[in-house]
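Spelled out from the first residue to the last, the chains are:
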Amino acid sequence: MKKIKTEKVMASVTDYMKKRNLEAGTSTGGQTTEQQAGVLGLVSPSTPNSFTFSTTSTHHSHIDHQYVRLKSWMMEASEPCRSELSQVLFPLFIHLYLELVAGTGRQAAKKFFVKHYQVFLVNRDYENILSQVLNAATVNSGDMTSSPVIQNLKSGKYMVRLSELTLNYFLRYLKATENPTLLQIFNTYIEVEVDDSGAGSTGAVFRTPDASGQANGLVNGHTPESVTPETMSASAEGMDCTQEELQKVREAIARIKCSQPTSPSLCVYTVSNAYNGLSCACVNAEGRYLSCGFEDSVIKIWKLTPPVHNVGFRKTSSVTGPRGGISHKLLACDSSRLEDESNGLEEDEKDEDTVSEARSGGRRRNRGGELFALRGHSGPVLDTAFTHDSTHLLSVGEDTTMKLWNLELGQAVAMYRGHNYPVWCLAVAPLTMYVATGSYDTTAMIWATDYTYPLRTLAGHTQAVDCVAFHPNGAYVATGSSDRTIRLWQITDGDTARILLHHKSPVNTVAFSPNGKYLASGSEDGTVLVWDLAGGQVLSELSGSQSSSSNIDNVVHTDPVVGLSWSPDSALLTSASSDGFVRTSHLRQSAIRELNFDSEGIPAWELSEVCQVQCGASTNGSYGGNCGQLLHISLTSHNYLTAVTALDVER
């Protein structure tokens, strides 16, 4: 089989040399030329392992491009080729990283590592090797050969088991794409065992030569003497743990599912001495910026200092989908990974501040504090909202207009007209750049930031539209009105899909659950409702009449509800009212068997309290001496709540 591999590799080399106008063979004197010898030595299977690093091009962009293209090609392959080729990816990644450390320096190599390492964290042995290599490259960046870990990697080989079909498929790719760096690593550090038995792969096995020159194999991190039948069984099934370990993990997951959910942390920001009349507030999805609209037509932007538990979280670089592209949750056990990235993040933030300073005409931006005072409205600013990338801000006001602000320049770049009366609220769609606004003129409008006129006018309410919210799929928008109704609209044609009737007072706020099944609404009398969108029915109600005013420890909401926020799994609902109380409730089916179904045979649901916090005094001073008001609450992409309160809002 090794002979077959040698012939196929040499055939690929011959084709590669022909494309480079090189001829395989000997010169007139019977000796190969120096250039031919270099290429043949690069890919010849008989070349011994060496401690030296590659002399091929190690430019960061070239290697990153080759690796990304290889991953995309593997993902497009059909089974079983895709599963077999996945073994090759980890050895290639490790040695490409070492090539970058030796050739281009630690900074470029670190960018490559941080960009691609997450896919290997599902394997504990791979994760352990990554940690060792990263530490070795950091400590011994000046002399890579002095590290025992890297010496071990450079002297040994990864053995992978491929079928003849998969091997031919991979060789054809290397020949067609002409990747000399990948070809050298594949030939020097990867040993292929051709196996057409279809027994399956145990993953890439690292082998180091012993004193006698024989190879010592490691099966998923175990030496042959330490391999137990359970380990071999787990390896045959493609797992990196035994059945007992897997069972313990399953039991832990079951206990977590049955336990009481934990309320997210709450970070409260207070605007003091709001003598010019604070009318609205908004925090962006990452919890980095705060915008406040005032009655004197000014909008102020602050850069927020992140809470202690947020230190180490990376900034989201791209936004894809309604969840903002977040696919990996960081836990306490990830602290080592966070520390590895902290230095690079600080440098990135410095570069970002430098660029922002240059774009803003040399104005220095502090790491915390006021950034801009935006002026352009001719009346009170009634609502603001950040775009998904937080580079722009949208605002509406009493002057009937909506404005788009560039936060890099601190200037208004567009103004939108369409409403005839003050615009109370606005919302940005999760998947597109659609924007919805609600006005005192009883209509809601759908906008696109590319056009200064509305695309749709949603007419049907009989009084002012006080709140708007987009469905997670971006195809529907909900509006709440002073006429005590909630309407669900289709964005494509502007038709009404649902009319929800149950509130007894004006609806102040609405919020869709991330799974798109439920809608929460809060009203002026402190009532919170959860709706089933499929049936248009109320699932659960949280009313101020359910609690006694004398029992402050278990108060629901007695003042108007000003904000609602769902947890990412749609299990927890956080509601906030202007009395300063923030209540987190767990939406679940009723635990009482007799009440498990209502009169219509629909399972009964309830909002059971998980946590309750008072972060501000009531406007009438009933729970504190200072007057204050809670204006905003939202859940950031890092899974903690932010609330904004204001003092001295009533002059």
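Keep in mind that what you see is a predicted model, and the values were worked out from it rather than measured.

Colleague: If you had to explain the packing of aromatic side chains to someone new, which residues and values would you point to?
Modeller: Aromatic rings in a pair are described by how distant their centres are and how their planes are angled relative to each other. For the structure on display, the rule yields 19 aromatic pairs. Ring geometry for Y67 against F93: centres 5.8 Å apart, planes inclined by 50°, an arrangement best described as tilted. Residue Y67 is found in helix 3 (residues 60-76), and its partner F93 is found in helix 4 (residues 81-103); the two are separated by 26 residues along the sequence. The buried category is assigned to Y67, whose relative accessible area is 0%. The class of F93 is buried, set by a relative accessible area of 0%. Through successive ring pairs, a cluster of aromatic residues spans Y67, F90, F93, Y97, F112, F113, Y117, F120, Y126 and Y158.

Colleague: Hey, could you go over the UniProt feature "repeat: WD" (unreviewed entry) in the chain for me, with residue numbers and the actual values?
Modeller: The UniProt record marks residues 374-415, 416-447, 458-499, 500-541 and 554-583 with the feature "repeat: WD" (unreviewed entry), using the residue numbering of this structure. In residues 416-447, helix accounts for 0% and strand for 59%; the two terminal C-alpha atoms are 9 Å from one another.

Colleague: Outline the pattern of salt bridges, supporting the account with residue identities and numerical values.
Modeller: Considering all chains together, one arrives at five salt bridges under this definition. A salt bridge links E191 to K157; its shortest N-O distance comes to 3.5 Å. Of this pair, E191 sits in strand 2 (residues 190-194) while K157 sits in strand 1 (residues 157-162), and the two are 34 residues apart along the sequence. Given the relative accessible area of 24%, E191 is considered partly exposed. Residue classification places K157 among the buried positions, given a relative accessible area of 19%. In this structure, R288 and E286 form a salt bridge, with 3.8 Å as the shortest nitrogen-oxygen distance. Each member of the pair, R288 as well as E286, is classed as buried.

Colleague: Explain the confidence of the model for the chain to me, using residue names and the numbers behind them.
Modeller: The pLDDT averaged across the chain works out to 74; a share of 67% of its residues lies at or above 70. Confidence drops under pLDDT 50 across residues 24-57; counting only partners more than four residues distant or on other chains, this segment forms 54 contacts. Low pLDDT, under 50, characterises residues 362-366; the stretch is placed with 13 contacts to residues that sit more than four places away or in other chains.

Colleague: Give a detailed account of the environment of T485, specifying residues and quantitative values.
Modeller: In this structure, T485 sits in strand 20 (residues 485-490). Remark: the alpha-carbon pair of T485 and H503, spanning 18 residues in sequence, is separated by 6.8 Å.

Colleague: Requested: an account of the pairing of strand 10 (residues 381-386), with residues and values cited.
Modeller: With six of its six residues buried, strand 10 lies for the most part within the structure. As judged from the five bridges shared by strand 10 and strand 11 (residues 392-397), these two strands associate in the antiparallel manner. When the bridges of strand 11 are listed, A385 appears paired with L394.

Colleague: Account for the packing of helix 4 against helix 5 (residues 106-116), with residues named and values stated.
Modeller: A packed helix pair is summarised by two numbers, namely the angle formed by the two axes and the spacing between the axes. Look at helix 4 against helix 5: their axes get within 8 Å of each other, and the N-to-C directions meet at 160°. When the interaxial angle is binned, helix 4 and helix 5 end up roughly antiparallel. Between helix 4, through F93, L96, Y97, L100 and V101, and helix 5, the contact on the second element is made entirely by A109, K110, F112, F113 and H116. Tallied by class, residues from the contact of helix 4 with helix 5 come to eight nonpolar, one polar and one charged.

Colleague: Just give me the short version of the sheet that holds strand 27 (residues 572-577), but keep the residues and values in it.
Modeller: Taking strand neighbours across the sheet as the criterion, the four strands line up as 26-27-28-29 in an open arrangement whose pairing is antiparallel. In this open sheet, the two strands that pair with only one neighbour each are strand 26 (561-566) and strand 29 (605-614). The sheet shows a mean angle of 25° between the axes of neighbouring strands, taken without regard to direction. Relative to strand 28 (residues 581-589), strand 27 runs antiparallel, the two being bridged by five bridges. Bridge pairing links T574 to T584 in strand 28.

Colleague: Quick one: what's the story with the sheet that holds strand 18 (residues 465-470), residue by residue and with numbers?
Modeller: By way of backbone hydrogen bonds, the strands of a sheet pair with one another, either parallel or antiparallel. The antiparallel open sheet is built from four strands, whose spatial order is 18-19-20-21. Every other strand in the sheet has two partners, leaving strand 18 and strand 21 (496-501) as the edge strands with one partner each. Strand-to-strand, the axes of this sheet are offset by a mean angle of 20°, without reference to chain direction. For strand 19 (residues 476-481) and strand 20, the ladder comprises five bridges, and the chain directions are antiparallel. Its bridge partner lying in strand 20, Y476 is registered against Q490.

Colleague: A description of the side chain of S521 should follow, citing residues and the corresponding values.
Modeller: Structurally, S521 is set in strand 23 (residues 518-523). Side-chain polar atoms of S521 contact the side chain of W531, separated by 3.0 Å.

Colleague: I'd love a proper account of the packing of helix 4 against helix 9 (residues 180-189), names of residues and values included.
Modeller: Between helix 4 and helix 9, whose axes approach to 10 Å, the crossing angle comes to 110°. Our classification of the angle between helix 4 and helix 9 gives roughly perpendicular. Regarding helix 4 and helix 9, the two cross each other, and that crossing is right-handed. Between helix 4, through V88, L92, H95, L96 and E99, and helix 9, the contact on the second element is made entirely by T181, L182, I185, F186 and Y189. For the contact of helix 4 with helix 9, the class distribution of residues is seven nonpolar, two polar and one charged.

Conventions we followed
- Residues numbered from 1 in each chain as written.
- Predicted model: local features only at pLDDT ≥ 70, side-chain atom pairs only at ≥ 80, totals over all residues.
- Heavy atoms only, no water.
- Phe/Tyr/Trp six-rings, centres within 6.5 Å; stacked < 30°, edge-to-face > 60°.
- Helix = DSSP H or I, 4+ residues; strand = E, 2+ residues; numbered from the N terminus.
- Buried < 20%, exposed > 50% of the residue type's maximum accessible area, 1.4 Å probe, protein only.
- UniProt positions renumbered as here; feature names shortened; annotations may be inferred.
- Salt bridge = Lys/Arg side-chain N within 4 Å of Asp/Glu carboxyl O.
- pLDDT = per-residue confidence, 0-100.
- Contact = heavy atoms within 4.5 Å.
- Pairing = 2+ DSSP bridges.
- Axes fitted to C-alpha atoms, helices over the stretch in contact; angles between N-to-C directions.
- Parallel < 35°, antiparallel > 145°, perpendicular 65-115°, else oblique.
- Nonpolar A, V, L, I, M, F, W, Y, C, P; charged D, E, K, R; others polar.
- Polar contact = N/O pair within 3.5 Å; in protein donor to acceptor, adjacent residues only side chain to side chain.
- Left-handed = near helix turned anticlockwise from the far one by under 90°.

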